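# Architecture at a glance
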Amino acid sequence: MAYFLNTLFGSIVPMCITALVTMAITLIFKTSYTTNFAQGVISAFGAYVVASSLNKLGLSIWISLPIGMFAAMLIAVAVDVLIFRNGRYVNALGKQIITMGLISLVVGVIPLIFGLSDPAFKSFVNGNITFTLSDGSVASVTKNSLVCLALAVVVIAAIFILLRFSKWGLSVRATASNEYVAGMMGINTHVVTAVSWGLAGALGALAATINASSGNIISGYFMTNYQVYAFLAGILGGFSTFYGPVIAALMIPLANNLVQYIVNVLGVPELTGWSMVIVYAVALVIIFFKPQGIFGKKIARKV
Amino acid sequence: MDKRLAKNYALLGKQTTDGDGLTACLRSFFKNSTMQIILFAIIMSVVGALSQEKILPYSWLSAFASTFSYAIAAVGFCLLMGYSGLASLGTGGFIGIGTYSVHYIMSEAGLPFGIALITAIAVAVLIGVIVGFISLRIEGIYLVILTLGLSEILRNLYMVLEDRITISTNPNLFGIEITRQMSLYVVVVVLAVIMIITGNIINSPTGRAMLAMKNSTAAAQAMGISLMKYRLMAFIICTVYASISGTMLIIVVRGAMASQGTGFYALITSLNILAAVIIGGYKSIWGAVFGSFIMYGMQTVVLNNIKFLAENPVIITFVSGILVIIVVMFYPGGLAQLVLELRGKARKLRIKMKEARYGKDLG
C-alpha cells in the first residue's frame, strides 16, 4: 500500500509539468495552427533566467519565478510577432519547420548568455511529509511537489476559467475555430495570437521551473521529454478541445508510473525499463483506431 | 518571362553544341547525373586519401565520413518530403535500427557485416510498412507527431536493450577489413549508389506518381495512383536509407549511447536531418548532401579554421537555426534553388556579353 501511495506521489511532479506544457502547446496549436517544437527550449530558457536570478542576484525563488516567466513570455511573443506574423502564408509544414529552426536558435543563444556550466537550482520548500499507515509501512511525499501541484492547479484552473468566461477566452475560441472569420467579426486576431504565445511561454517557464526545482539538472534539452509527452497527449486527447489534451497529459506520466508499479508487484522488475515503451505503444494503438483523439470531435472536410 | 529564358537557353544550346566533337562529348558526359555522382565519389575519395596522408587536415576524414553517413538518411528524407509530401520525425529512431543490427549481428553473433546490413534493411522495411499504414489514416501535423512517438518508442527500446554499444571488431566486407580510416571510402561508395538509385526513382513513373500524390491526393487517386502503394513505398525507402545510414554511422563512430539527449536516436538528429534537407532544398538530392555538410561537416572543415568560431562552437547551432527560418520564410527552394537561379543569371550574362560583342542573333 505504501509503495502504491509512493508511486502516486512520485507522479505528481511529472503530471504537473506535462499538463502545463500540454496546455501551452494546445494554446499555440489552436491559435497559430502549428505544433510548437520550440516549446521545450523556450521553457528551458525561462528556467535559465530563474536560475541566474537565483544565483547571481540572490533573489528568492518566488520573485525569480515571475521574472523567468516574463522572459520566456517575451521570447514567445517575439517569435510570434517577428516570425509567424510575417510568415502567414507559409504552409503548415513550413511553420513546423520554423519552430524546429527556433530550437537550434535558442539552444545556440543559451550558452552565449548564461555560460556553459549547468546552473544550480533551489526547491520551493524543503522537507518531506511522512505518513505511517495502519500496516506499519511509511509513505512520504516531498513538500516541494505539493507546492508544485498547487501552482499547476491554480494556473491551469485560471486559464480554463478565463477561456470559458472571459472576453479574451471567447476571442481565443473564435480564432481557434476560424481565424479568418474571427478577423472579419472584429476580433484582433494578431493580439489574440500574440497573447496565446506569451501565455504559452510563461506556462512553459513555470513547467521548467517546477522540473528544475524537483532536482533535475537544467540544460537546453531538459524539457524535450515532456514536450514529446505533450505532443502525444495532444493527439491522444484530440486537439479539437482544450480539456482533452490536458486530461491525456495527466494520464501519460501516471500510466508510466503505474506500469512500473504493476510490473514490480507482479515480480518482474526487469521489465521496469519497458514501461515507457508500453505506454507509447498503447497510445499509438489508440490513436490508430481513433485518429481524432479520445475526446476529439470528428471534423468533416470539404473536398 | 519564362518563355524568354527558355529561348535564351535554346540559343545557348545551339551555339555551344556547334563546337568540336570532343567538347560536346565531354559536356554531355558531365551533364549525365550518374557521371556527376561518380565524379563526386572519386573526388571525395581523393580528398579522403589526401587527408589520410595528412596533406589535408586529418580531422576531415571522420568529419566527411559522418557527414556522408547522415547524408544517406537525408537523401531518403528528401524523397519522402520533397516528392511524396510526407514528413516524419522518426529518422533518429530509424538510424538506431542500423546501429543495433550491426551491434547484435556483427559484434555479438560474430557474423559478417553483409548479414548485419541485410538484417538492418529487413527490419527497416518492416518498420516502414508500419509507418506507411499509419500514414494512410493520419495526415499532416498529426503524422509528424506520431512518427516522433514511434521514434521515442524505438529509443526507449534501445535504452532497455543495451544503452551503450561499442563496436570493437573491424567490420569485414568481401574479405577486406574496414578500419576507421577506411570507413570514408565505404560511406562514399554507399552514398553514391544510394544517390544514383534515388535519382532513378525520382525520374521513373514511381517518382512521378509520388509527385502527383504530393500535389493532390484526390487528383492522384482519380488518375489511378494507389495511395497505399506509393505511401508505403516512400516510407519504406526513407526508413531503409535511415537504417543504412545507421550502419554507416556506427562503422565511422564505433559507439553510441541511447539515453544521451543529444545522441543518434534523439529528436535532435531527426530535426537536424530535416534542417539539412530544408537548407539544401527539399527537392534536390545534391541539396540534401550539401545540407548535411552544413549541419554536420562545416564545423570541422570550415569553421574551426576561423579563430572566433573555433572558440565559440555554439554559434554554428545558432546560425543553422537562423538559416532554417530564413530559408523557409523567404527562400522555400533552399540552396538548390539559389544555385539554379545563379546559373540562370550567369547564362543570361554570358548571352548579353556575346550580344554586346557580336551583335544580336536574329535567327
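Our structure is the block above this text.
Residues numbered from 1 in each chain as written. Chains lettered and ligands numbered in written order. Predicted model: local features only at pLDDT ≥ 70, side-chain atom pairs only at ≥ 80, totals over all residues. Heavy atoms only, no water.

Another aspect to go through is the overall build of chain B. A count of helices and strands for chain B gives 16 helices and four strands. Whereas a compact globule of 363 residues would reach a radius of gyration of roughly 21 Å, chain B reaches 22 Å, a difference of no more than 12%. The dimensions of chain B, computed from C-alpha atoms along their principal axes, are 75 × 60 × 45 Å. A buried classification covers 49% of the 363 residues belonging to chain B. In chain B, the share of contacts with a sequence separation of at least 24, taken over all contacts with a separation of at least 6, comes to 77%. Element-wise, carbon and sulfur atoms account for 66% of the exposed surface of chain B, whose accessible area totals about 16700 Å². (Helix = DSSP H or I, 4+ residues; strand = E, 2+ residues; numbered from the N terminus. Rg over C-alpha atoms; globule rule 2.2 N^0.38 Å. Buried < 20%, exposed > 50% of the residue type's maximum accessible area, 1.4 Å probe, protein only. Contact = heavy atoms within 4.5 Å. Areas by Shrake-Rupley, 256 points an atom, 1.4 Å probe, with all protein chains shown as cover.)

Here the focus is the packing of helix α6 (residues 143–165) of chain A against helix α7 (residues 167–177) of chain A. Residues and elements named next belong to chain A. Two elements in contact, α6 and α7, have axes separated by 5 Å at closest approach and are oriented at 80°. By the angle between their axes, α6 is roughly perpendicular relative to α7. Along the contact surface, α6 presents Leu162, Leu163, Arg164 and Phe165, while α7 presents Lys167, Trp168, Gly169, Leu170, Val172 and Arg173. Residues that form the contact of α6 with α7 fall into these classes: six nonpolar, one polar and three charged. (Axes fitted to C-alpha atoms, helices over the stretch in contact; angles between N-to-C directions. Parallel < 35°, antiparallel > 145°, perpendicular 65-115°, else oblique. Nonpolar A, V, L, I, M, F, W, Y, C, P; charged D, E, K, R; others polar.)

Right, let's get into the layout of surface pockets. Using a probe with the size of a water molecule, rolled over the atoms, empty space left in the structure can be pinpointed. Its volume calculated, the largest pocket comes out at about 1800 Å³. For the lining of the largest pocket, the secondary-structure elements that each account for two or more residues are α2 (12–32), α5 (92–114) and α7 of chain A together with α6 (113–137), α7 (140–161), α9 (205–215) and α15 (314–330) of chain B. Counted by class, the lining of the largest pocket contains 26 nonpolar, 13 polar and nine charged residues. Contributing to the lining of the second largest pocket are 35 residues, with B:Gln36, B:Ser284, B:Ile285, B:Trp286 and B:Gly287 lying nearest its centre. Every element with two or more residues in the lining of the second largest pocket is listed here: α2 (21–31), α3 (33–52), α4 (59–83), α8 (183–202), α13 (285–301) and α16 (334–358) of chain B. The greatest single-element share of the lining of the second largest pocket, amounting to seven residues, is contributed by α16(B). (1 Å grid on protein atoms, 1.4 Å probe; cavity = no way out; pocket = protein on both sides within 12 Å on 5 of 7 lines; lining within 4 Å. Points joined across faces, edges and corners; volume = space filled by probe spheres on them.)

On to the interface of chain A and chain B, then. On the chain B side, the residues contacting the 47 residues of chain A number 38 residues. Counting across the interface, chain A meets chain B through two residue pairs in polar contact (both at pLDDT 80 or more). When contributions to the side of chain A that touches chain B are tallied by element, the ones reaching two or more residues are α4 (61–84), α5, α10 (224–237) and α12 (275–289) of chain A. With 17 residues, the top contributor of residues to the side of chain A that touches chain B is α5(A). Residue classes in the side of chain A that touches chain B are distributed as 34 nonpolar, 12 polar and one charged. (Polar contact = N/O pair within 3.5 Å; in protein donor to acceptor, adjacent residues only side chain to side chain.)

What follows concerns the side chain of B:Thr147. Examined against the element boundaries, B:Thr147 turns out to sit in helix α7. The buried category is assigned to B:Thr147, whose relative accessible area is 2%.

It is worth spelling out the pairing of strand β1 (residues 128–132) of chain A at this point. Residues and elements named next belong to chain A. Note that β1 and strand β2 (residues 138–142) share five bridges and pair antiparallel. Paired with Thr130 across the bridge in β2 is Ser140. Linking β1 to β2, which pair antiparallel, is a turn of five residues; within it Gly136 sits at a positive phi near 90°. (Pairing = 2+ DSSP bridges.)

Let us now look at the environment of B:Ile202. Following the sequence through the fold, B:Ile202 ends up in helix α8. Residues in contact with B:Ile202, not counting those within four places in the same chain, are B:Leu79, B:Tyr83, B:Gly207, B:Arg208 and B:Ile285.

Residue and element names in this part refer to chain B. Counting 208 residues, the largest nonpolar core has Phe64, Phe68, Val75 and Leu191 as the members making the most contacts within it. No other element matches the 18 residues that α4 contributes to this core. Not counting chain neighbours up to four residues away, the residues in contact with Val75 comprise Leu191, Ile194, Met195, Thr198, Tyr241, Ile285, Ala288 and Val289. (Core = buried A, V, L, I, M, F, W, Y, C linked by side-chain atoms within 4.5 Å.)

Residues and elements named next belong to chain B. Orientation of α4 relative to helix α11 (residues 227–253), taken along the N-to-C sense of each, is 175°, at an axis distance of 7 Å. As the angle between them shows, α4 and α11 are arranged roughly antiparallel. Along the contact surface, α4 presents Ser62, Ala65, Ser66, Ser69, Tyr70, Ile72, Ala73, Val75, Gly76, Phe77, Leu79 and Leu80, while α11 presents Ala234, Phe235, Ile237, Cys238, Tyr241, Ala242, Ile244, Ser245, Met248, Leu249 and Val252. Looking at the contact of α4 with α11 residue by residue, the classes come out as 18 nonpolar, five polar and no charged.

Here we take up a nonpolar patch on the surface. Residue and element names in this part refer to chain A. Taken together, the side chains of Tyr243, Ile247, Met251, Ile278, Val282, Ile286 and Ile294 define a hydrophobic patch exposed on the protein surface, amounting to about 540 Å² of accessible area. Those elements giving two or more residues to the nonpolar patch turn out to be α11 (243–265) and α12. Overall, the relative accessible area of 46% leaves Val282 in the partly exposed class. (Patch = residues over 30% accessible without salt bridge, like charges linked within 9 Å, V, L, I, M, F, W, Y side chains within 5 Å. Salt bridge = Lys/Arg side-chain N within 4 Å of Asp/Glu carboxyl O.)

Now for the side chain of A:Gln96. Among the secondary structure elements, A:Gln96 is positioned in helix α5. When its relative accessible area of 1% is taken as the criterion, A:Gln96 is described as buried. Side-chain polar atoms of A:Gln96 contact the side chain of A:Thr35, separated by 2.7 Å. If near-sequence neighbours (up to four positions away) are discounted, A:Gln96 is found in contact with A:Thr34, A:Thr35, A:Phe37, B:Ile141 and B:Val144.

Here we take up unusual backbone geometry. Most of the time, phi is negative for any residue but glycine, and the peptide bond is trans. Unlike most non-glycine residues, A:Tyr33 shows phi in positive territory, near 55°. Following the sequence through the fold, A:Tyr33 ends up in the loop between α2 and α3 (39–55).

Attention now goes to a positive patch on the surface. Residue and element names in this part refer to chain B. Among the surface-exposed residues, Arg27, Lys31, Arg343, Arg350, Lys354 and Arg357 lie close enough to one another that they form a single positively charged patch. Contributions of two or more residues to the positive patch are made by α2 and α16. It is α16 that contributes the most residues to the positive patch, four residues altogether. Within the secondary structure layout, Arg350 lies in helix α16. (Lys, Arg positive; Asp, Glu negative; His and termini not counted. Charge placed at Lys NZ, Arg CZ, Asp CG, Glu CD.)

This brings us to the packing of aromatic side chains. Within this structure, the stated rule accounts for 24 aromatic pairs over all chains. Measuring from ring centre to ring centre gives 4.6 Å for B:Tyr100 and B:Tyr158, while their planes differ by 10°; the resulting arrangement is stacked. Taken together, the positions of B:Tyr100 in helix α5 (residues 91–108) and B:Tyr158 in helix α7 put the pair 58 residues apart, joining distant regions of the chain. Pair check on accessibility: B:Tyr100 and B:Tyr158 agree, each one buried. The lysine or arginine in question, A:Lys30, covers the ring of A:Phe242, its NZ or CZ lying 5.1 Å from the ring centre. The positively charged end of B:Arg137 is found above the aromatic ring belonging to A:Phe288, 5.3 Å away from the centroid. (Phe/Tyr/Trp six-rings, centres within 6.5 Å; stacked < 30°, edge-to-face > 60°. Lys NZ or Arg CZ within 6 Å of the ring centre and 35° of its normal.)

Everything listed is a geometric property; what it means functionally is a separate question.
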